[in-house]
Amino acid sequence: MLDVPDFPKPGVIFKDLMPLFADGDVFREVIDGIVAYHGRDSFDAVVGIEARGFVIAAAIAYATGVGVVPVRKAGKLPRATHSASYALEYGEATLEVHQDAFTAGHRVLVVDDVLATGGTAEATLDLVERAGGTVAGFTVLMELGFLKGRERLAPRPVHALLSI
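Below or above, wherever it landed, is the structure these notes cover.

Calculation rules
- Residues numbered from 1 in each chain as written.
- Predicted model: local features only at pLDDT ≥ 70, side-chain atom pairs only at ≥ 80, totals over all residues.
- Heavy atoms only, no water.
- Pairing = 2+ DSSP bridges.
- Helix = DSSP H or I, 4+ residues; strand = E, 2+ residues; numbered from the N terminus.
- Right-handed = clockwise from strand over helix to strand, strands pointing away.
- Expected span 1.5 Å × (residues − 1).
- Buried < 20%, exposed > 50% of the residue type's maximum accessible area, 1.4 Å probe, protein only.
- Axes fitted to C-alpha atoms, helices over the stretch in contact; angles between N-to-C directions.
- Contact = heavy atoms within 4.5 Å.

## Notes on the pairing of strand β4 (residues 67–73)
Item 1. Two strands pair when backbone bridges link them, and strand β3 (residues 45–49) and β4 are joined in this way by five bridges, in the parallel orientation. What sits directly across from G48, in β4, is P70.
Item 2. Viewed along the sheet, the connection from β3 through helix α3 (residues 52–64) into β4 turns out right-handed.
Item 3. Two elements, β4 and strand β6 (residues 91–98), share two bridges in a ladder whose sense is antiparallel. For R72, the partnering residue across the bridge sits in β6 and is E96.

## Quick notes on helix α4 (residues 119–130)
Item 1. When the terminal C-alpha atoms of α4 are compared, their 16 Å separation across 12 residues agrees well with the 16 Å that a helix rising 1.5 Å per residue should span.
Item 2. If you check which residues of α4 are buried, you get G119, T120, A121, A123, T124, L125, L127 and V128.
Item 3. At the exit of α4 stands G132, carrying a positive phi of roughly 100°.

## A short note on the sheet that holds β6
Item 1. With mixed pairing, seven strands are arranged side by side in an open sheet as β5-β6-β4-β3-β7-β8-β9. What marks the edges here is a single partner per strand, and that holds for β5 (81–88) and β9 (159–163). The sheet shows a mean angle of 20° between the axes of neighbouring strands, direction not considered.
Item 2. Sheet strands touched by helix α2 (residues 24–38): β7 (106–115), β8 (133–143) and β9. Its angle to β8, the strand with the most contacts, is close to 140°.
Item 3. Along the sheet, α3 makes contact with β3, β4, β7 and β8, crossing β3 at roughly 165°.

## A short note on unusual backbone geometry
Glycine aside, negative phi is the norm for most residues, and most peptide bonds take the trans geometry.
Item 1. A cis geometry characterises the amide bond from F7 onward to P8, with omega recorded as 10°.
Item 2. Note that P8 resides in the loop between β1 (2–5) and β2 (13–16).
Item 3. Cis geometry marks the peptide bond from E50 to A51, where omega comes out at -5°.
Item 4. Tracing the backbone shows A51 in the loop between β3 and α3.
Item 5. For K148, which is not glycine, the phi dihedral falls at a positive 60°.
Item 6. The topology assignment puts K148 in the loop between β8 and α5 (149–153).

In C-alpha coordinates, the structure reads:
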(Lines give C-alpha, C1' and ligand atoms only; values in the text may rest on other atoms or scores of the structure.)
Protein backbone atom coordinates (compact mmCIF):
# COMPACT_ATOMS: atom_id res chain seq x y z
CA MET A 1 0.00 0.00 0.00
CA LEU A 2 1.15 3.49 -0.79
CA ASP A 3 -0.06 6.78 0.69
CA VAL A 4 -0.73 9.40 -1.98
CA PRO A 5 -1.10 12.87 -0.44
CA ASP A 6 -3.60 15.40 -1.74
CA PHE A 7 -5.49 12.94 -3.95
CA PRO A 8 -8.19 13.27 -5.19
CA LYS A 9 -8.17 16.71 -3.58
CA PRO A 10 -5.96 18.69 -1.16
CA GLY A 11 -5.94 17.37 2.39
CA VAL A 12 -6.94 13.79 1.48
CA ILE A 13 -4.38 10.99 1.83
CA PHE A 14 -5.36 8.31 -0.70
CA LYS A 15 -4.56 4.72 0.25
CA ASP A 16 -3.37 3.13 -3.01
CA LEU A 17 -3.71 -0.66 -2.99
CA MET A 18 -2.64 -1.17 -6.61
CA PRO A 19 0.80 -2.52 -5.55
CA LEU A 20 -1.07 -5.35 -3.76
CA PHE A 21 -2.97 -6.18 -6.96
CA ALA A 22 0.30 -6.17 -8.92
CA ASP A 23 1.90 -8.83 -6.68
CA GLY A 24 0.40 -12.12 -7.86
CA ASP A 25 1.31 -14.16 -4.77
CA VAL A 26 -0.03 -11.56 -2.33
CA PHE A 27 -3.16 -10.98 -4.39
CA ARG A 28 -3.86 -14.73 -4.45
CA GLU A 29 -3.47 -14.85 -0.65
CA VAL A 30 -5.93 -11.98 -0.25
CA ILE A 31 -8.55 -13.57 -2.51
CA ASP A 32 -8.11 -17.00 -0.92
CA GLY A 33 -8.47 -15.41 2.53
CA ILE A 34 -11.73 -13.69 1.59
CA VAL A 35 -13.15 -16.89 0.11
CA ALA A 36 -12.10 -18.89 3.19
CA TYR A 37 -13.65 -16.33 5.54
CA HIS A 38 -17.05 -16.33 3.83
CA GLY A 39 -17.09 -19.93 2.58
CA ARG A 40 -17.28 -20.94 -1.09
CA ASP A 41 -20.99 -21.78 -0.92
CA SER A 42 -22.25 -18.79 1.08
CA PHE A 43 -22.97 -16.50 -1.89
CA ASP A 44 -24.40 -16.71 -5.42
CA ALA A 45 -22.82 -13.56 -6.86
CA VAL A 46 -20.12 -11.03 -6.02
CA VAL A 47 -20.65 -7.27 -6.31
CA GLY A 48 -17.64 -5.09 -6.94
CA ILE A 49 -17.87 -1.36 -6.24
CA GLU A 50 -16.34 0.90 -8.90
CA ALA A 51 -13.52 0.74 -9.63
CA ARG A 52 -10.98 -1.21 -7.57
CA GLY A 53 -13.79 -3.37 -6.20
CA PHE A 54 -14.19 -4.75 -9.74
CA VAL A 55 -10.72 -6.30 -9.55
CA ILE A 56 -11.43 -7.98 -6.21
CA ALA A 57 -14.93 -9.12 -7.18
CA ALA A 58 -13.82 -10.65 -10.47
CA ALA A 59 -11.08 -12.65 -8.78
CA ILE A 60 -13.44 -13.95 -6.06
CA ALA A 61 -16.13 -14.79 -8.62
CA TYR A 62 -13.62 -16.70 -10.74
CA ALA A 63 -12.23 -18.56 -7.70
CA THR A 64 -15.72 -19.65 -6.60
CA GLY A 65 -17.47 -20.12 -9.95
CA VAL A 66 -20.15 -17.48 -9.40
CA GLY A 67 -21.07 -14.35 -11.35
CA VAL A 68 -19.83 -10.84 -10.81
CA VAL A 69 -22.04 -7.74 -10.81
CA PRO A 70 -20.65 -4.20 -11.06
CA VAL A 71 -21.98 -1.28 -9.05
CA ARG A 72 -21.01 1.71 -11.15
CA LYS A 73 -20.97 5.47 -11.14
CA ALA A 74 -24.11 7.08 -12.55
CA GLY A 75 -24.62 6.86 -16.30
CA LYS A 76 -22.23 3.96 -16.96
CA LEU A 77 -24.75 1.08 -17.15
CA PRO A 78 -26.79 0.57 -20.34
CA ARG A 79 -30.10 -0.80 -18.97
CA ALA A 80 -32.64 0.33 -16.38
CA THR A 81 -30.97 0.92 -13.02
CA HIS A 82 -31.57 1.57 -9.35
CA SER A 83 -29.51 4.51 -8.10
CA ALA A 84 -28.37 5.85 -4.76
CA SER A 85 -26.68 9.16 -3.99
CA TYR A 86 -24.48 9.65 -0.95
CA ALA A 87 -21.85 11.92 0.58
CA LEU A 88 -18.17 11.02 0.31
CA GLU A 89 -15.47 12.15 2.71
CA TYR A 90 -14.48 14.61 -0.06
CA GLY A 91 -17.66 15.24 -2.09
CA GLU A 92 -20.84 13.59 -3.33
CA ALA A 93 -21.52 10.70 -5.72
CA THR A 94 -24.23 8.47 -7.19
CA LEU A 95 -23.96 4.72 -7.75
CA GLU A 96 -26.13 2.46 -9.90
CA VAL A 97 -26.86 -1.24 -10.38
CA HIS A 98 -29.00 -2.85 -13.06
CA GLN A 99 -32.57 -3.41 -11.87
CA ASP A 100 -32.39 -7.03 -13.04
CA ALA A 101 -28.97 -7.79 -11.53
CA PHE A 102 -30.32 -10.36 -9.05
CA THR A 103 -33.19 -12.76 -8.67
CA ALA A 104 -35.18 -12.72 -5.43
CA GLY A 105 -33.12 -14.15 -2.60
CA HIS A 106 -29.86 -14.12 -4.55
CA ARG A 107 -27.10 -14.20 -1.88
CA VAL A 108 -24.61 -11.45 -2.66
CA LEU A 109 -21.10 -10.87 -1.34
CA VAL A 110 -20.15 -7.18 -1.67
CA VAL A 111 -16.46 -6.27 -1.86
CA ASP A 112 -14.41 -3.09 -2.12
CA ASP A 113 -10.87 -1.98 -1.48
CA VAL A 114 -11.33 0.55 1.35
CA LEU A 115 -14.02 1.36 3.91
CA ALA A 116 -13.77 5.03 4.88
CA THR A 117 -16.89 6.92 6.03
CA GLY A 118 -19.21 4.13 4.87
CA GLY A 119 -21.23 6.17 2.38
CA THR A 120 -20.23 4.14 -0.66
CA ALA A 121 -20.75 0.85 1.16
CA GLU A 122 -24.13 1.87 2.61
CA ALA A 123 -25.38 2.97 -0.81
CA THR A 124 -24.18 -0.27 -2.41
CA LEU A 125 -25.72 -2.55 0.23
CA ASP A 126 -29.02 -0.70 -0.16
CA LEU A 127 -28.83 -1.02 -3.96
CA VAL A 128 -28.27 -4.78 -3.72
CA GLU A 129 -31.37 -5.12 -1.57
CA ARG A 130 -33.48 -2.83 -3.78
CA ALA A 131 -32.48 -4.96 -6.79
CA GLY A 132 -33.74 -8.12 -5.05
CA GLY A 133 -30.52 -9.49 -3.62
CA THR A 134 -29.78 -10.52 -0.05
CA VAL A 135 -26.48 -9.25 1.33
CA ALA A 136 -24.54 -12.34 2.40
CA GLY A 137 -21.45 -10.42 3.44
CA PHE A 138 -19.38 -7.29 3.04
CA THR A 139 -15.58 -7.36 2.85
CA VAL A 140 -12.97 -4.67 2.33
CA LEU A 141 -9.23 -5.01 2.10
CA MET A 142 -8.64 -2.05 4.39
CA GLU A 143 -10.80 -0.19 6.90
CA LEU A 144 -9.93 3.34 7.97
CA GLY A 145 -11.34 2.90 11.47
CA PHE A 146 -10.88 6.53 12.48
CA LEU A 147 -13.56 7.51 9.92
CA LYS A 148 -16.15 5.25 11.64
CA GLY A 149 -17.65 3.72 8.48
CA ARG A 150 -18.34 0.46 10.33
CA GLU A 151 -20.65 2.33 12.72
CA ARG A 152 -22.62 3.74 9.80
CA LEU A 153 -23.20 0.21 8.45
CA ALA A 154 -24.34 -1.29 11.78
CA PRO A 155 -25.89 -3.74 12.40
CA ARG A 156 -24.52 -5.22 9.16
CA PRO A 157 -21.27 -7.11 9.72
CA VAL A 158 -18.09 -5.77 8.16
CA HIS A 159 -15.10 -7.97 7.37
CA ALA A 160 -11.85 -6.06 6.91
CA LEU A 161 -8.53 -7.76 6.20
CA LEU A 162 -6.71 -4.77 7.68
CA SER A 163 -7.99 -2.03 10.01
CA ILE A 164 -6.02 1.13 10.65
